[in-house]
Amino acid sequence: MPMEVEGFVRKRRMTAETSGNESGVAGASAGAEVRWLGGRFWGLSESIMGTLTPRVGGELDLQTVHYCCGPPDLTEDSDADYEGLPQGASTSTHMLAGAVAGIMEHCLMFPIDCVKTRMQSLQPDPAAHYRNVMDALRRIITTEGVWRPMRGLNATAVGAGPAHALYFACYEKLKKTLSDRIHPGANSHLANGAAGCVATLLHDAAMNPAEVVKQRMQMYNSPYRGVLDCVRAVWRTEGGGAFYRSYTTQLTMNVPFQALHFMTYEYLQEQLNPHRQYNPSSHVVSGALAGAIAAAATTPLDVCKTLLNTQESLALGSLAAAPGPGQSPAPHRQITGLAHAFRTVYRLGGLRGFFRGSQARVIYQMPSTAISWSVYEFFKYGLTKRQHGRRLQHREAEM
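What counts as what
Residues numbered from 1 in each chain as written. Predicted model: local features only at pLDDT ≥ 70, side-chain atom pairs only at ≥ 80, totals over all residues. Heavy atoms only, no water. Helix = DSSP H or I, 4+ residues; strand = E, 2+ residues; numbered from the N terminus. Buried < 20%, exposed > 50% of the residue type's maximum accessible area, 1.4 Å probe, protein only. Areas by Shrake-Rupley, 256 points an atom, 1.4 Å probe, with all protein chains shown as cover. Core = buried A, V, L, I, M, F, W, Y, C linked by side-chain atoms within 4.5 Å. 1 Å grid on protein atoms, 1.4 Å probe; cavity = no way out; pocket = protein on both sides within 12 Å on 5 of 7 lines; lining within 4 Å. Points joined across faces, edges and corners; volume = space filled by probe spheres on them. Polar contact = N/O pair within 3.5 Å; in protein donor to acceptor, adjacent residues only side chain to side chain.

Looking at the overall build of the protein chain
A tally of helices and strands in the protein chain yields 16 helices and 0 strands. Counting all 399 residues of the protein chain, 49% fall into the buried class. Taken as a whole, the protein chain presents about 19000 Å² of accessible surface, with 62% of it coming from carbon and sulfur.

Written out as structure tokens, the structure reads:
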């Protein structure tokens, strides 16, 4: 098999150098070589991957292209197709691509995330009542400063890298393993959903403390000077458990969210990109629609998560002033647990309270998931293709 591949590579190069009869073939091959010049962009990523490759040695070797019916038709683009390459991508490739995608997703959409957090407030300060997302952004910038919507970004960036690295690596591994068991040789929506659910457990475990810090700093009149000040204050006054107070709620929200998200994304990819080639427009559209559907369906749980993370002082004051049946008018120190959060949201906001900030959540999730998937697929494709090409060159040199 290596001899067949190497013979194919030599034929491709000879064809690209020929300027005579097969001009169409030469043009296609030359175009393929020009695309490879984009490898300069991967300088930094390649240096990182070079240190990781020995630990995953041989995964790509098992996924080289097989030709069972003789040599390939040279009238077609002879680059290894996108569907073949990512299936052989190493775990380190998935982790690096996922980390970059997560950081870019959260950083680019952070101002909208700040607006979403504020619009989900059950008892907002009168100065923090907003009509819509654009009104909120305009008022935050004009009254609190141009950098105010970015407070807490550094905490999110630190958490998003490892969280999304684990998230995508776990998803890719489980998706393939479960699909092979449930529906060998084909895509399984059940496997996609199950893989997304398990990947969420790792993602949320890494991301939940960063979410707590981020959302507390995003609130109106946040008392914290910075990320470290927030961490110290929460640890000192509420204990380490405060960083995971919303973890079960986060899982309750994110497990159905990610199941819907991944199943919708993979379904749309089957419709828009059935051959699973590298197609940025299909990744953007599929990611945006998948994020919007999943976000709209899980908004009530996101409102409860925000309440658990922020422990709104005005909401706690309202609960103390208006205790429930059989309760004494004692001050509420904390809102704990999903059931308590649901009761609090309903008591203070009614049914409409569960959908506070739904517009901002959908507006946030659509571009967020579009960015995440397009960046992830781009880096996965580029890194894997680069590794694949280096392995072929190494084999050719050995011959």
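After that view, the rundown keeps rolling.
Some remarks on the nonpolar core
Formed by 28 residues in total, the largest nonpolar core has its most connected members in Val115 and Trp373. Residue assignment for this core shows that the elements contributing at least two residues are α5 (91-108), α6 (110-119), α7 (133-144), α8 (153-182), α9 (189-218), α11 (247-272) and α16 (358-398). Sort the elements by how many residues they give to this core and α16 lands first, with 7 residues. In terms of nonpolar packing, the next biggest core, distinct from the first, is built from 11 residues, Ala155, Met217, Val227 and Cys230 among them.

Regarding empty space enclosed by the protein
Tallying each qualifying case throughout the model produces 4 cavities of 30 Å³ or more. In this structure, the largest cavity encloses a volume near 360 Å³. For the largest cavity, the lining is made up of 26 residues, of which Glu105, His106, His203, Asn254 and Gln365 are closest to its centre. If you list the elements that add at least two residues to the lining of the largest cavity, you get α5, α6, α8, α9, α11, α13 (299-310) and α16.

Some remarks on the side chain of Thr264
With respect to the helices and strands, the residue Thr264 is situated in helix α11. Looking at Thr264, its side chain comes within polar contact range of the main-chain oxygen of Leu260, at 2.6 Å.

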